[in-house]
Each structure stands twice: as C-alpha cells, then as structure tokens.
Amino acid sequence: MSSDYEISDDDENYYVDDEDMIDGTQDDDEDDIDMDTFGDDFKVASKSKRKSYEIDYESLSQTAVEELMQSDVDHICGIFGVEASTAALLLRHMSWNKERLIEKYMDNPTKVLVAAGITVEEPLSPPAPIRSHCSSASASSRRPTRSASKLLGLASGSKSPKSPSFASPPLKATRPPKSAPFVCPICYDESPDLRPLALDCEHPFCSGCWIAYASSKINDEAEHTIRCMAETCALVAPDAFIRDLLVPEPGAPAGDPAEEAANAATWARFQELLVRHFVASNPNLKYCPYPSCTNTVSCPAAASKASLITTVPIVSCGARGIGGAAQMSQSQQLSIGLAGKEHKFCFGCSIESDHRPVVCGAAKMWLKKCEDDSETANWIKSNTKECPQCMSTIEKNGGCNHMTCKKCKNDFCWVCMGPWVEHGTAWYSCNRYDEKGGVEARDAQSKSRASLERYLHYYNRWANHEQSAKLSVELYAKTEKKMEDMQITSALTWIEVQFMKKAVEEVEKCRMTLKWTYAMAYYLAKGNEKELFEDNQRDLEKAVEDLSELLESPIEAENIPTLRQKVTDKTVYVQKRNEIMLEDTATGFLEGRWKWNAAIEGFDVPEKTEY
C-alpha cells in the first residue's frame, strides 16, 4: 500500500491556545528582547521525549477511517471518470491497492469490471450461418445481449453523508407483463403485491428473499460482497442497493418495528464489515481486538516485519472499558477484568495484550511452547526409558533395577541400560559398565531432565505473575474498601486517597512486565547481557512484592499518614524500576545487544544452543 494513511504529527501542534497566539498589535521592539540575558528563568520546557520502548501511533474512530476510504474512492473517480459506487467496488476487489488497480484497469478495463462484479460478461456469439436468410431469421429470434461496457454505477443516486457506502443507483424494481404474473424463483410466491427487485443482470427476486439473503450473508457469514442470487451470475450489489433493502426511505409506510430494528442493525454491521475490510487491507492500520470496540490504530512505524526485531509495537486505541457496559453491572464488568481498562494490544502480532519487553517472535514461540505437547513429551523422556532392543517406552514401577520388556522379553539394567546377563549377581557394580550405548542413554536422559527443569523454572514464575495480575481485579475491590475506610477514619478526602488506586494500577502493569521478562529470559543466551537483564528483573520483582505487601497490610487510623508516605514513595520507585527495565531492553534491541539460544523469527540463527 502507499503511504497515504501515514498520519503526520504536525497536525497535533496546529492549534494553540488563544493566549499564545500573536494578534499583530505587539510592539516590534518588545519582540526583539534578548531572552538569553535572563538566564534560565524564561526558558520553556521542551515536549517530553518519546521513550525508546514507545512507538508513534494514532487512534482513529470509525468515522475517521470512513473518511480515508472516501478519499481513496474520490481518487479513483478522478482518474477513471466513474461513479463512486463503481470506484468502491473496484477498490474492494483489489483490496484497496490503488496502484495495482490503476495498472490492471489501464491494461484491460473490461476484464477488471467483470472480475469485480460490476458488469455482465458478454457471451460469445455463435458463428454466422452460411445462408443469409437464415441469419436474419436467427437474429430476429435471438434476445439482444447486454454491452460488456455497461456499468452498474452510471446512474446517479443519493449518498449518505456519514456512511462508508458510496453513491450508486437505487433499487431496480422490475415487473413482468400482466399476461405473465411474477413468481419468485426462490420462494415461489406469486402474490400480486410482491415487489420484484433485480440488479443490472435483470434476475428478479422478491424483496423478502433479497432481505433474508443479504441479512444471512452479513450477519452469519460476515460477507460484505453481496452477489446476485442467480446461480451463474457474479454481479455484486452496490451499497445503495443494500441500504434501500434494509433501511426504509424517509416517509415510507411504517412496518414491523422489530423487523426494522433488525434490518437497521444489519445495515450497521454491513458498514462495520466495509471498514474492517479496508483496515485489514492496509498494513498501516489495525482494528482494535477488544469486544464491541470499533476504533482503529494507525502505526506505519510497525507495518513492516523488519521493524518487529527492534521494537515491541504496543498501542492503544484510546478507548476504555467495553462496549455495552451500561447494560452490565459493576460485578459483571469486574469479573471479566475489562472495566475501565485501557485497550492496549500489540500492533505487530496477534497477542491481544502488552507483552513488553519481549519481541513478537519470541513471545509467539513462548506461547506456542506453553500450549503444545512439547513439554509433555519432555516429561515422558525424563520419567521413562526405551528398551534397548525394541525401543518401547517403559516406566519403572518397582524398586528392582532388573527390567524385563513385556514386548520383546529383553532383560536389561535400568541404571546403565546394558544387558542384564553381563551384570550377573553384581548389579550394583554397573557404575563401571562403560558400554557406549549405556553412556549415551544416560546422557540423553540427563539432558532431557535438565531441559524440563529449566523450562519449569521460567514457566512457573511466568504463570505466577499472570495469576497475580488476574487477582488484581479482587485487589481493586479491596483497595476501594480501604480507601473508603481511610476517609472515615482520617481527614483525607477522596482525591487524597487516590494514591492507593494508583499503586494498584502500577502493580498490575509491572506484573505484566515481569511475566514477559521470564519468557524473554528463557530464550536469552548465556552471557553478561543476560546477567544484567536478570539483575534488572530481580530489582523490579522485589520492588513490586514490597509494594504489594504494603497494599495488603491492614489499615490503622494512627498509621495512615505513614502508610500514605510509604505507598507513594514505593509506587514512584516501582514505576522507575519498570521504566529502567523497559528502557534497557528496548535499547538493547536497537543496538543488537541481545543474543538468543533458539531461532527467533527475524534474528540470526544461533551457532550453538547453550542453557
């Protein structure tokens, strides 16, 4: 895609406060005062610099995305000279790739129009007969074919100002001659009050079947391309056709309120599907994954795969909570953990949470490792052995080291895996048995056990912080109760006790950071860099645990001022340790400092794997 959707940061600074604007009446001599003579007294603090672990992005509402869509449609209309409905269908067919559409259209416009479902392909005419009088007879009896260059959107139509749907002809109602009453080919209804509708292909169906078909496609199949219902027809219904089907015109007779409400919801869903298709086709945009949220994030800096090895593109759509929260109780919102929560997610991968400081490739590998059966296989290797003869898996169920395979009846020693016949009665001397196969078996089991123990070390700590973060929902409720008690037992106001809520939010955020540091540490190769990383990890973890202990401690009226000071100081310290952790890790990615013990997507394959 082109860079048309890269949002400039200059727009943010366009509007300034009135008191900062110059009205042109100031004296020029006053403007020429040398401010350097006053030292630092009049220097204005510069705008805070973006941190290395942050990324530039912009949140867009659905209306803003629709404006981007309309801009693309207007661009194509100006080049091709077609109606907006035709331009919209062409862009959707080409996944909103303007450059590719222009190239294909200029090469063969008819082929593109037919493929996009805008025109009907002209059937090949049969060869002309030899005799002229037969030719004229056949021509008079044959139905005239439609021109392949006839466009569906050449007629003008109304356009909704706040809709992503574009101008196109209204519904075409067709009525057969009175001698042949209309029968719907789908429902076989022949009522005289039927309203037959058809696209430019002239395949008529009743309005009820059209509405049921469009609603099923939109709601059940999430389709935004509604084609003609005829079996061999590929013509696509324009947006105005769908709108007139589902939304009655102003002044139209009132129908069933429930049916009209359902059709209005279907039309809104259709508009949302159009926006989702546009966002999915543009690598610079990503739809917010939170339930019922229709916001979009624009982040050109993380649109390429190459950028994902130097940054973790965590973004926010700008919304909080969940859609429809007004119909949910506070306990229901707290139970799902989304009440008032900022919509943060990763722009570069499918993880719907903040997984800093680890990059997307390592985070996906870690989640896959935790979900699949690789560690189950590791446990089998650590707790079972294979028969040296038939390679069947055997688990020891007794204290004797003399093993007999039930499958092949092979006798071997469980300790050294060597043949039992060579041990005689002195099985305890097998530590001197040095057969190559036995040594390799013992080494393989030791490595497997060490690998399992190493994985469990990091996984247990990762899962512990994840569980603690989930329990923060209950901690929020406990903290609110403590805040109310502090107001009653002291002179503090509701604003003054907000330090407790701020501390809980900081604990939850830092636990998410700590959780993913263990995923990153699992894949980091040994070295000084990993030791420094684990030092920062240790300091942050200790600070978080200290703050959590303060929040869990009971409140006594005489100790409230001291508790307030301790919690405030510890919250600031925890926040600083979290920033140090994220800053150092992000800087390491930019400098190429981190080395891995496994093949991470986008990074060089390590020469040797060492744990």
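All values derive from a computational prediction rather than experimental measurement. (Residues numbered from 1 in each chain as written. Predicted model: local features only at pLDDT ≥ 70, side-chain atom pairs only at ≥ 80, totals over all residues. Heavy atoms only, no water.)

Undergrad: I'm lost on the sheet that holds strand 1 (residues 58-60) in this one. Help?
TA: The pairing of strands in a sheet comes from backbone hydrogen bonds and takes either a parallel or an antiparallel form. Sheet architecture is open: three strands sit in the order 1-6-5, paired in antiparallel fashion. Both outer strands of the open sheet, strand 1 and strand 5 (285-287), are each paired with one neighbouring strand and no more. Taking each pair of neighbouring strands and ignoring which way they run, the sheet shows an average axis angle of 30°. Across the sheet, helix 2 (residues 62-80) is in contact with strand 1, strand 5 and strand 6 (296-298); its angle to strand 1 comes to roughly 90°. Most of the contacts of helix 9 (residues 257-281) go to strand 5, to which it runs at about 140°, and overall it touches strand 5 and strand 6. (Pairing = 2+ DSSP bridges. Helix = DSSP H or I, 4+ residues; strand = E, 2+ residues; numbered from the N terminus. Axes fitted to C-alpha atoms, helices over the stretch in contact; angles between N-to-C directions. Contact = heavy atoms within 4.5 Å.)

Undergrad: What should I look at first to understand the state of the cysteines in this one?
TA: Such a bond, covalent and formed between the sulfur atoms of two cysteines, is termed a disulfide. Summed over all chains, the structure comprises zero disulfides. Cysteine Cys-349 shares no disulfide, and the gap to the nearest cysteine sulfur, in Cys-346, comes to 3.5 Å. Classification of Cys-349 as buried rests on a relative accessible area of 7%. (Disulfide = S-S within 2.5 Å. Buried < 20%, exposed > 50% of the residue type's maximum accessible area, 1.4 Å probe, protein only.)

Undergrad: How should the environment of Cys-346 be read in this particular structure?
TA: For Cys-346, the position within the fold is in strand 8 (residues 342-346). What makes Cys-346 buried here is its relative accessible area of 0%. Separated by 30 residues in the primary sequence, Cys-346 and Ser-316 have C-alpha atoms spaced 8.6 Å apart. With near-sequence residues (within four places) excluded, Cys-346 lies in contact with Lys-286, Pro-313, Ile-314, Ile-351, Ser-353, His-355 and Cys-360.

Undergrad: What am I meant to see in the pattern of salt bridges here?
TA: Close approach of charged atoms allows side chains with opposite charge to pair. If you walk through the whole model with that rule in mind, you get 20 salt bridges. Close ionic contact of Arg-50 with Asp-56 constitutes a salt bridge, the shortest N to O distance being 3.4 Å. Relative accessible area serves as the criterion here: at 43%, Arg-50 is assigned to the partly exposed category. Given a relative accessible area of 41%, Asp-56 falls into the partly exposed group. (Salt bridge = Lys/Arg side-chain N within 4 Å of Asp/Glu carboxyl O.)

Undergrad: I keep staring at the packing of helix 15 (residues 528-552) against helix 16 (residues 560-591) and nothing clicks. Help me out?
TA: In helix packing, the relevant descriptors are the interaxial angle and the interaxial distance, both defined with respect to the helix axes. For the pair helix 15 and helix 16, interaxial distance at closest approach is 9 Å and the crossing angle is 155°. Overall, the two elements helix 15 and helix 16 adopt an arrangement that is roughly antiparallel. Our pair here, helix 15 against helix 16, has a crossing hand that is left-handed. Across the contact of helix 15 with helix 16, the residue classes break down as 13 nonpolar, five polar and six charged. (Parallel < 35°, antiparallel > 145°, perpendicular 65-115°, else oblique. Left-handed = near helix turned anticlockwise from the far one by under 90°. Nonpolar A, V, L, I, M, F, W, Y, C, P; charged D, E, K, R; others polar.)

Undergrad: How should the packing of aromatic side chains be read in this particular structure?
TA: Any two aromatic rings considered together are summarised by their centre-to-centre distance and by the angle between their planes. Summed over all chains, the structure comprises 20 aromatic pairs. When the ring of Trp-366 is compared with that of Tyr-455, the centres are 5.8 Å apart and the planes differ by 45°; the resulting orientation is tilted. In this pair, Trp-366 sits in helix 11 (residues 360-371) while Tyr-455 sits in helix 13 (residues 436-489), placing the two residues 89 residues apart along the sequence. When sorted by exposure, Trp-366 lands in the same class as Tyr-455, which is buried. Judged by centre distance (6.3 Å) and plane angle (20°), the rings of Phe-589 and Trp-596 are stacked. Residue classification places Phe-589 among the buried positions, given a relative accessible area of 6%. (Phe/Tyr/Trp six-rings, centres within 6.5 Å; stacked < 30°, edge-to-face > 60°.)

Undergrad: Mind showing me how you'd approach helix 15 here?
TA: In an α-helix, one full turn covers 3.6 residues, which means residues spaced three or four apart are oriented alike. Over its 25 residues, helix 15 runs 36 Å from end to end, which matches the ideal 36 Å to within 8%, given 1.5 Å per residue. Along helix 15, the positions that sit buried rather than exposed are Lys-530, Phe-533, Asn-536, Gln-537, Leu-540, Glu-541, Ala-543, Val-544, Leu-547, Ser-548 and Leu-551. (Expected span 1.5 Å × (residues − 1).)

Undergrad: Could you clarify how one ought to interpret unusual backbone geometry in this entry?
TA: With glycine set apart, most residues show a phi of negative sign, and most peptide bonds adopt trans. Residue Pro-357 follows Arg-356 across a cis peptide bond; omega there is 15°. Looking at the element boundaries, Pro-357 is found in the loop between strand 8 and helix 11. Backbone geometry places Glu-202, a non-glycine residue, at a positive phi of 65°. Its location among the elements puts Glu-202 in the loop between strand 3 (196-198) and strand 4 (205-206).

Undergrad: Looking at this structure, I do not really get the pairing of strand 7 (residues 314-320). What am I missing?
TA: Consecutive residues of a regular strand have side chains that alternate between opposite faces of the sheet. Within strand 7, five of the seven residues are buried, which leaves the element mostly enclosed by the surrounding structure. With four bridges connecting them, strand 7 and strand 8 associate as antiparallel partners. Note on strand 8: the bridge partner recorded for Ser-316 is Lys-344.

Undergrad: Help me understand the nonpolar core, please; the structure alone is not making it clear to me.
TA: One recurring pattern in soluble globular proteins is that nonpolar side chains are buried together. Counting 57 residues, the largest nonpolar core has Leu-90 and Ile-242 as the members making the most contacts within it. Apart from residues lying up to four places away in sequence, Leu-90 is in contact with Phe-80, Leu-101, Tyr-105, Val-112, Leu-113, Ala-116 and Ile-118. By size, the runner-up hydrophobic cluster in this structure holds 51 residues, among which are Val-312, Trp-366, Tyr-518 and Tyr-522. (Core = buried A, V, L, I, M, F, W, Y, C linked by side-chain atoms within 4.5 Å.)

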